[in-house]
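Results of the structural survey
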Amino acid sequence: MRFDAGLTGNGVASTIVPSNEDGTKMELRLDSPTSITLGITEACPMRCRHCYADCAAEPKSSELGMPAWIDLVEDLAGQGVVQLYIEGGEPLAKPGILDLIRSASARMMTMLRTHGCGLDRGMAAALRDAGLGRALVDLMGGNAATHDAQTGVAGSFAQSGAAVRHLVAHGIPTDVLVILTRHTAPELQSILDLAAALGAARVGVLRLYPLGRAKRLWSELALPLADQMAALAALRVPQGLTLMQSWHPKDRNCCWQGAAINASGRAIGCMYLREYVDFGDATKTPYNDIWRTDPLYRDLRGGRVDAACMASGGGGDGSKGGCRSTAYAWTGSWTAPDPFDVELNKGTDLARLPPRLLGA
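Residues numbered from 1 in each chain as written. Predicted model: local features only at pLDDT ≥ 70, side-chain atom pairs only at ≥ 80, totals over all residues. Heavy atoms only, no water.

Section: the packing of helix α2 (residues 97-105) against helix α3 (residues 121-130)
The contact between α2 and α3 brings their axes to 8 Å, and the two run at 30 degrees. One finds that α2 runs roughly parallel with respect to α3. From α2, Leu-98, Ile-101, Arg-102 and Ser-105 reach across to α3, where they touch Met-123, Ala-126, Leu-127 and Ala-130. Each residue belonging to the contact of α2 with α3 can be placed in one class, and the counts come to six nonpolar, one polar and one charged. (Axes fitted to C-alpha atoms, helices over the stretch in contact; angles between N-to-C directions. Helix = DSSP H or I, 4+ residues; strand = E, 2+ residues; numbered from the N terminus. Parallel < 35°, antiparallel > 145°, perpendicular 65-115°, else oblique. Contact = heavy atoms within 4.5 Å. Nonpolar A, V, L, I, M, F, W, Y, C, P; charged D, E, K, R; others polar.)

Some words on the packing of aromatic side chains
Where two aromatic rings form a pair, the distance of their centres and the angle of their planes describe that pair. Considering all chains together, one arrives at 10 aromatic pairs under this definition. Here Tyr-52 and Tyr-209 contribute two aromatic rings whose centre-to-centre distance is 6.1 Å and whose plane-to-plane angle is 85 degrees, an arrangement assigned as edge-to-face. Here Tyr-52, found in the loop between β3 (35-39) and α1 (66-78), pairs with Tyr-209, found in the loop between β8 (202-206) and α7 (212-216); they are 157 residues apart in sequence, far enough to count as distant. Each member of the pair Tyr-52 and Tyr-209 is classed as buried. Measuring from centroid to centroid gives 5.4 Å for Trp-291 and Tyr-297, while their planes differ by 70 degrees, and the two rings are edge-to-face. The buried category is assigned to Trp-291, whose relative accessible area is 0%. One aromatic cluster in this structure is built from Phe-279, Tyr-287, Trp-291 and Tyr-297. One cation-aromatic arrangement involves Arg-301 over Trp-291; the distance from NZ or CZ to the ring centre is 4.0 Å. Above the ring of Tyr-297, the side-chain terminus of Arg-301 is found at 5.1 Å from the ring centroid. (Phe/Tyr/Trp six-rings, centres within 6.5 Å; stacked < 30°, edge-to-face > 60°. Buried < 20%, exposed > 50% of the residue type's maximum accessible area, 1.4 Å probe, protein only. Lys NZ or Arg CZ within 6 Å of the ring centre and 35° of its normal.)

Structure below.
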């Protein structure tokens, strides 16, 4: 058996898709999640125009405190989780973040997604010493004018670039992430070139999801699918840099292995399902019990879809039908095909959201 690498929607490389030695795909059913995403806070000093969580400067009263997160991580490790992905909001703004990373990294591969807020040399050293396995830093443009306009904070471009440099200098494998929008599309090449110059290992180009602030500003931010594909096709990847992207079929339908907990401790399967599902309180019910018993969660992991593209082979590798979040957003059906797949799109205009999603 071998394992083929893909990219989940949050930018994490996945290596859990099995193949026989002849390249044919094998069915895989997990009794529990092996990796999980924690959205530990919805507080952030940035004011990003595309923010999926509608973050504010101060945390919500419903957010878990750090002792509760550390207890939860210990419990998840005991349930067999071996990879942890921490995001926000801005996780570095959460008091006690180094304690959480230190606790998690002793038992799991631990990754952190950040805007680089306050990530100076000292913080990079502290993250290394805490055992951080990988960092992912968001860039919203190839220059300060574009990036700072999208984050709403002057000086944030310089801060993000410096964060990448500090992380790399302290031996932490570091990726750059960029969400493809009307604003970032013309600057994708310069972002790749900058990432390579800063020493990043990979760049993940991510699709835009209709969630939070991005949903309200969709007409300003979103591109038609043909324009998205053209922007990706035009890229020249600098030597030594790896390009990842989150368009099906290169990005798999990861619901079959997806696990996530939001800032209030609710199990939501995937951070991109945050507005659509609530599988229960992960602080009161072991995640493995939620995983095994929630009917919708079980159904999503079953991979039943109305259509699978030929590029994925229609097989049992988890690719079938693409992302469930975007499929549900445009159709209201959990089994619909992903409209971000060129083969399965069938004329859906991704630059416009359905009135149902906007509450019309």
